[in-house]
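Close look at the chain arrangement
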Amino acid sequence: MPDLIHSEIAHAAGSRGPLPATLLQDVEDPESYTSGELGNLIACECALDRAEAIRGLTTNGVNSGWLRFDGARLAEERGARYVQLGRLDLAENTLRNALEQEALAFGQSYRRRGAVLIDLAAIGARRRDPEQVVAYARGALELARSSRSGYVARRLRTLCDEFGPLSRDHRVAELGAEIAMLGTP
């Protein structure tokens, strides 16, 4: 619960004077993660909503040194938390919208785009939909190959753990074999 404690401290300090908006965003995102881990949808959404509201308060985009992300990642974070909470319907819509952002366009951030594609593939795995798994995981696999991103490769290997009975589908089995052959820098 340390993230919740940090959130309370940041909000209390903020009541004594303005805090950098980036600091408040950095507090709200881990709180949403912790709430997601605990399975608390309402608390998770509240933390993400506060982070979204704070996003509009940034002063000329200045990074105060506390900045973990600039707020542009909130859609990705929200989608990932929904996956974590098992709210696949909300997650899929949020993640598909995140993919349409300029920052996640092909050729921009391989790591971020790869993470969103893997989350969408995980939704397919949980729904036992081999087409969705293969479509999104193949996109992430291509990013991992072209960028040599160890992060994307590790996330893909973790995705394989979610295949379950889908591993018997020849397309998913082939995908799993390709993922297993990925090198990690």
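I will try to describe carefully the structure that is included in this document. (Residues numbered from 1 in each chain as written. Predicted model: local features only at pLDDT ≥ 70, side-chain atom pairs only at ≥ 80, totals over all residues. Heavy atoms only, no water.)

Tallying secondary structure elements over the protein gives nine helices and zero strands in all. Helices (α) and strands (β) of the protein occur, in sequence order from the N terminus, as α-α-α-α-α-α-α-α-α. Contacts in the protein between residues far apart in sequence, at least 24 positions, make up 63% of those at least 6 positions apart. When the accessible surface of the protein is summed, it comes to about 9700 Å², and 53% of that surface belongs to carbon and sulfur atoms. (Helix = DSSP H or I, 4+ residues; strand = E, 2+ residues; numbered from the N terminus. Contact = heavy atoms within 4.5 Å. Areas by Shrake-Rupley, 256 points an atom, 1.4 Å probe, with all protein chains shown as cover.)

Scanning all chains against the criterion turns up 12 salt bridges. Ionic pairing is found between Asp119 and Arg155, a salt bridge with its closest N-O pair at 2.6 Å. Separated by 36 residues along the polypeptide, Asp119 in helix 6 (residues 110–126) and Arg155 in helix 8 (residues 150–160) bring together distant segments of the chain. Using a relative accessible area of 22% as the deciding quantity, one classes Arg155 as partly exposed. In this structure, a network of salt bridges that share partners links the residues Arg138, Glu142, Arg145 and Glu178. (Salt bridge = Lys/Arg side-chain N within 4 Å of Asp/Glu carboxyl O. Buried < 20%, exposed > 50% of the residue type's maximum accessible area, 1.4 Å probe, protein only.)

Turning our attention to the environment of Leu166. When you line up the elements, Leu166 lands in the loop between helix 8 and helix 9 (170–180). The exposure class of Leu166 is buried, given its relative accessible area of 7%. For Leu166 and Val133, which are 33 residues apart along the polypeptide, the C-alpha to C-alpha distance reads 9.2 Å. Those residues in contact with Leu166, other than ones at most four positions away along the chain, are Gly124, Ala125, Arg128, Asp129, Pro130, Val133 and Val172.

All right, on to the packing of helix 6 against helix 8 then. Two numbers describe how helix 6 lies on helix 8: the axes approach to 9 Å, and their chain directions differ by 5°. One element, helix 6, and the other, helix 8, form an angle in the roughly parallel class. For the pair helix 6 and helix 8, the contacting residues are Tyr110, Arg111, Gly114, Ala115, Ile118, Asp119, Ala121 and Ala122 in the first and Tyr151, Val152, Arg155, Leu156 and Leu159 in the second. Of the residues assigned to the contact of helix 6 with helix 8, the class counts are nine nonpolar, one polar and three charged. (Axes fitted to C-alpha atoms, helices over the stretch in contact; angles between N-to-C directions. Parallel < 35°, antiparallel > 145°, perpendicular 65-115°, else oblique. Nonpolar A, V, L, I, M, F, W, Y, C, P; charged D, E, K, R; others polar.)

We now examine the nonpolar core. Formed by 32 residues in total, the largest nonpolar core has its most connected members in Leu95, Leu120, Ile123, Leu156, Leu159 and Leu175. Those elements that place two or more of their residues in this core are helix 4 (74–84), helix 5 (88–99), helix 6, helix 7 (130–147), helix 8 and helix 9. Setting aside residues up to four positions removed in sequence, Leu95 forms contacts with Glu76, Gly79, Ala80, Val83, Val116, Asp119, Leu120 and Ile123. (Core = buried A, V, L, I, M, F, W, Y, C linked by side-chain atoms within 4.5 Å.)

Moving on, we get to the packing of aromatic side chains. Applying the stated rule across the entire model yields zero aromatic pairs. The positively charged end of Arg111 is found above the aromatic ring belonging to Tyr151, 3.9 Å away from the centroid. (Phe/Tyr/Trp six-rings, centres within 6.5 Å; stacked < 30°, edge-to-face > 60°. Lys NZ or Arg CZ within 6 Å of the ring centre and 35° of its normal.)

Summarising the element assignment, Arg145 is placed in helix 7. For the pair Arg145 and Leu182, spaced 37 residues apart in sequence, the C-alpha to C-alpha distance is 7.5 Å. Apart from residues no more than four positions distant in its own chain, Arg145 is found in contact with Glu178 and Leu182. Polar contacts involving the side chain of Arg145 include one to the side chain of Glu142, which spans 3.0 Å. (Polar contact = N/O pair within 3.5 Å; in protein donor to acceptor, adjacent residues only side chain to side chain.)

Of note, Ala153 is situated in helix 8. Look at Ala153 and you get buried, because its relative accessible area is 1%. Between the C-alpha atoms of Ala153 and Ile179, which are 26 residues apart in sequence, the distance is 7.4 Å.

Moving on, we get to helix 5. The terminal C-alpha atoms of helix 5, which comprises 12 residues, lie 16 Å apart, in line with the 16 Å expected from a rise of 1.5 Å per residue. Buried positions along helix 5 lie against helix 4, helix 6 and helix 7. (Expected span 1.5 Å × (residues − 1).)

Structural measurements only, silent on function.
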